[in-house]
Amino acid sequence: MSREPVGAKEDVLQRELTPGQLTMIGLGSAIGTGLFIGSSLAIHYAGPGVIVSYALISVIVFMMVFCLAKLSMEHPTTGSFGIHAEKYLHPWLGYLVRYTYWAANAIAIGGEATAVGIYMQYWFPEVPRWIFVVAFSLLIILINALSVKNFGMFEFGFSTVKVTALSVFIVLGLLLIFAEPAESINRLAGDGQFAPQGWFGIWMGMVMASFSFMGTEIVAVTAGEAKEPRRALAKTMKWMALRLILFYLLSMAVMLALIPWQQIGGEQLEQSPFVKMLQLLNIPYAAGLMNFIVLTAALSTMNANLYACTRMMFSLAKSEFAPEKLGKVTRKGVPVPALIVSSFGLMIAILLNVTDEKAYQTLFGIAIFGGIFTWMIIFLTYFRYQRLKTARFSPVAIIGFVVLLLVFITMFLHPAWKFAIYIGLVWVMILSVFYGLQRWRKAKKKGISEIRLS
């Protein structure tokens, strides 16, 4: 009997996503709250040196995308890096990375929903934040429940708005910089304090900046619903990563050249540093317009991440690691049961916004663990893939894995982020126990069946 192709059970979804939509989904998932509001934390630690922080993490991100692109062109499936890990490492790691990615993204959706509430309070400060969280959560669930074609159209529209706006922001910023180059260079140099906390601050800025790039891996998850996936992925992933890096570095440089970093970086995430910058520049209506843009960005990321969560849960069901019902799809190819289960992060966000003033920071820290863990597994998988294919070691995979391990250690040693590592490690242990129980039950069931047949 021939062995079933990798991810073959997942091939019941509709291939409706075009290469252009894949690019915008990738950009849309990554250009979101991590940049528009989370960058405030990175600036707080690194000052103008945050540009170095973003440059360093950009190298790691590009290396990760390179590894994932190679694996995805070999095996273009919805389960993506989870299926790859299952094939090249161990079924336990395939199980672990898919559940961890699913949970981290679900929680990240809650973080984006919280950011939406923050942005809406710019116009309606008297309205409780949780009301906006509920309203926009229902909207995003509805968009995802329609069809993958409609999802692609909405995400393309959302992403086009924020990519265009970010491009205009960068161009206008550069014009303002050229109008007063000496002052801009002085601000960019931090008035003699380019890196106020030295390399420690730059490293911490890099840790925080890593969250800004989370979502770049989503393009690989779309492989199961992409038209001509191998050609589309080859064309999309690396160029998407390069564009993303360019956007991030230029937008950070423009912002820091126009406004002193002390005025836009901070731990109190009350509004986007981009909006704050435009307020300080006193450009009429610009702050309100930018607030609308960052609102659109958060909705785009919510939309893309809920899609990714849903497909990952669908993949787990098809691999018999989740209830069979979660692998069912509608006539339009949408795994609605998996969608409903994957909306739990929105419920957490609603509860936190009612009870916790630091809801965004809480969700932010937990999501970082899942994102970095996923990237580490991608590097490990590619290392094993290269060993099997070419019998050579992959320095890209080794360097990427080691740097991300150091990020984990840094978070563990930092009082503000230690809780994320604790929660993540407990999560991994609980999952491992459940995996062991599932394997034991399957083995027991198989043994009983064999006895009956004999």
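Keep in mind it's a predicted model, so treat the numbers as computed, not measured.

Conventions we followed
- Residues numbered from 1 in each chain as written.
- Predicted model: local features only at pLDDT ≥ 70, side-chain atom pairs only at ≥ 80, totals over all residues.
- Heavy atoms only, no water.
- Helix = DSSP H or I, 4+ residues; strand = E, 2+ residues; numbered from the N terminus.
- Buried < 20%, exposed > 50% of the residue type's maximum accessible area, 1.4 Å probe, protein only.
- Contact = heavy atoms within 4.5 Å.
- Areas by Shrake-Rupley, 256 points an atom, 1.4 Å probe, with all protein chains shown as cover.
- Salt bridge = Lys/Arg side-chain N within 4 Å of Asp/Glu carboxyl O.
- Axes fitted to C-alpha atoms, helices over the stretch in contact; angles between N-to-C directions.
- Parallel < 35°, antiparallel > 145°, perpendicular 65-115°, else oblique.
- Left-handed = near helix turned anticlockwise from the far one by under 90°.
- Nonpolar A, V, L, I, M, F, W, Y, C, P; charged D, E, K, R; others polar.
- Polar contact = N/O pair within 3.5 Å; in protein donor to acceptor, adjacent residues only side chain to side chain.
- Patch = residues over 30% accessible without salt bridge, like charges linked within 9 Å, V, L, I, M, F, W, Y side chains within 5 Å.
- Phe/Tyr/Trp six-rings, centres within 6.5 Å; stacked < 30°, edge-to-face > 60°.
- Lys NZ or Arg CZ within 6 Å of the ring centre and 35° of its normal.
- Core = buried A, V, L, I, M, F, W, Y, C linked by side-chain atoms within 4.5 Å.
- Expected span 1.5 Å × (residues − 1).
- Arc of directions from axis to C-beta.

Time to look at the overall build of the protein. A tally of helices and strands in the protein yields 19 helices and zero strands. Buried residues in the protein amount to 57% of all 454 residues. A separation threshold of at least 6 residues defines the contact pool for the protein, and within that pool the share at least 24 residues apart is 81%. Counting only carbon and sulfur atoms, one obtains 68% of the accessible surface of the protein, whose full area is about 18900 Å².

With that settled, consider the environment of Thr-23. By the element assignment, Thr-23 lies in helix α1 (residues 19-30). Separated by 217 residues in sequence, Thr-23 and Met-240 have C-alpha atoms that sit 5.9 Å apart. With near-sequence residues (within four places) excluded, Thr-23 lies in contact with Thr-236, Met-240 and Arg-243.

In this structure the tally under the stated criterion is three salt bridges. Linking Glu-74 and Lys-389 is a salt bridge whose minimum nitrogen-to-oxygen distance equals 3.3 Å. Of the two residues, Glu-74 sits in helix α4 (residues 50-74) while Lys-389 sits in helix α17 (residues 359-390), which places them 315 residues apart along the sequence. For Lys-389, a relative accessible area of 48% gives the class partly exposed. Among the salt bridges present, the one from Arg-98 reaches Glu-86, with a minimum N-O distance of 2.4 Å. Here Arg-98, found in helix α6 (residues 91-120), pairs with Glu-86, found in helix α5 (residues 80-88); they are 12 residues apart in sequence, far enough to count as distant.

A word on the environment of Ile-107. By secondary structure assignment, the location of Ile-107 is in helix α6. Spatially, the C-alpha atom of Ile-107 lies 9.6 Å from that of Gly-370, the residues being 263 residues apart in sequence.

Our focus in this paragraph is the packing of helix α7 (residues 129-146) against helix α14 (residues 286-318). Two numbers describe how α7 lies on α14: the axes approach to 10 Å, and their chain directions differ by 50 degrees. The orientation of α7 with respect to α14, classified from their angle, is oblique. Crossing angle aside, the handedness with which α7 passes α14 is right-handed. Of the residues in α14, those in contact with Phe-136, Ser-137, Ile-140, Ile-141, Ile-143 and Asn-144 of α7 are Leu-299, Met-302, Asn-303, Leu-306 and Tyr-307. When grouped by side-chain class, the residues that make up the contact of α7 with α14 number eight nonpolar, three polar and no charged.

Moving on, we come to the side chain of Arg-187. By the secondary structure assignment, Arg-187 is in helix α9 (residues 181-188). Reaching out from Arg-187, the side chain makes a polar contact with the backbone oxygen of Ala-257 at a distance of 2.8 Å.

Time to look at a nonpolar patch on the surface. A surface patch of nonpolar side chains, amounting to about 830 Å² of accessible area, comprises Phe-393, Ile-398, Val-402, Leu-405, Leu-406, Ile-409, Phe-412, Leu-413 and Tyr-422. Relative to the helices and strands, Leu-405 is located in helix α18 (residues 395-413).

Two elements in contact, helix α3 (residues 39-46) and α4, have axes whose closest approach is 8 Å; the angle formed by their N-to-C orientations is 120 degrees. Facing Ser-39, Ala-42, Ile-43 and Ala-46 of α3, the residues of α4 in contact are Val-50, Ser-53 and Tyr-54. Considered class by class, the residues forming the contact of α3 with α4 number five nonpolar, two polar and no charged.

Another aspect to go through is the packing of aromatic side chains. Considering all chains together, one arrives at 17 aromatic pairs under this definition. Taking 6.0 Å as the distance between ring centres and 75 degrees as the angle between the ring planes, the aromatic pair formed by Phe-66 and Tyr-382 counts as edge-to-face. Of the two residues, Phe-66 is situated in helix α4 and Tyr-382 in helix α17; the sequence distance between them amounts to 316 residues. On the accessibility criterion, Phe-66 (25% relative accessible area) is partly exposed. Under the relative-accessibility criterion, Tyr-382 is labelled buried at 4%. Geometrically, the ring pair formed by Tyr-99 and Trp-102 is edge-to-face, given 6.2 Å between the ring centres and 85 degrees between the ring planes. Residue Tyr-99 and its partner Trp-102 are both found in helix α6; the two are separated by three residues, about one turn of the helix. Looking at Tyr-99, the relative accessible area reads 13%, which means it is buried. Three or more aromatic residues joined by ring pairs make a cluster, and in this case those are Tyr-95, Tyr-99, Trp-102, Phe-321 and Tyr-435. Directly above the aromatic system of Tyr-88 lies the positively charged group of Lys-87, at a separation of 5.4 Å from the ring centroid. The cationic tip of Arg-387 hangs over the ring face of Phe-393; the distance from NZ or CZ to the ring centre is 4.4 Å.

A few words now on the nonpolar core. Buried together is how nonpolar side chains tend to be arranged in soluble globular proteins. Ranked by internal contacts, the top residues of the largest apolar core, which has 135 residues, are Val-50, Tyr-99, Phe-213, Ile-372 and Met-411. A per-element tally of this core places α14 first, with 17 residues.

What follows deals with the environment of Glu-183. By secondary structure assignment, the location of Glu-183 is in helix α9. Between the alpha carbons of Glu-183 and Ala-257 there is a distance of 8.0 Å; along the sequence they are 74 residues apart.

In this section: α7. The end-to-end C-alpha distance of α7, which contains 18 residues, comes to 27 Å, matching closely the 26 Å that a straight helix rising 1.5 Å per residue would cover. For α7, every residue scored as buried is listed here: Arg-129, Phe-132, Val-133, Phe-136, Ser-137, Ile-140, Ile-143 and Asn-144. On an axial view of α7, the arc spanned by its buried residues comes to 125 degrees, and they lie on one face. Opposite the buried face of α7, at more than 90 degrees from it, the exposed residues are Leu-138 and Leu-142.

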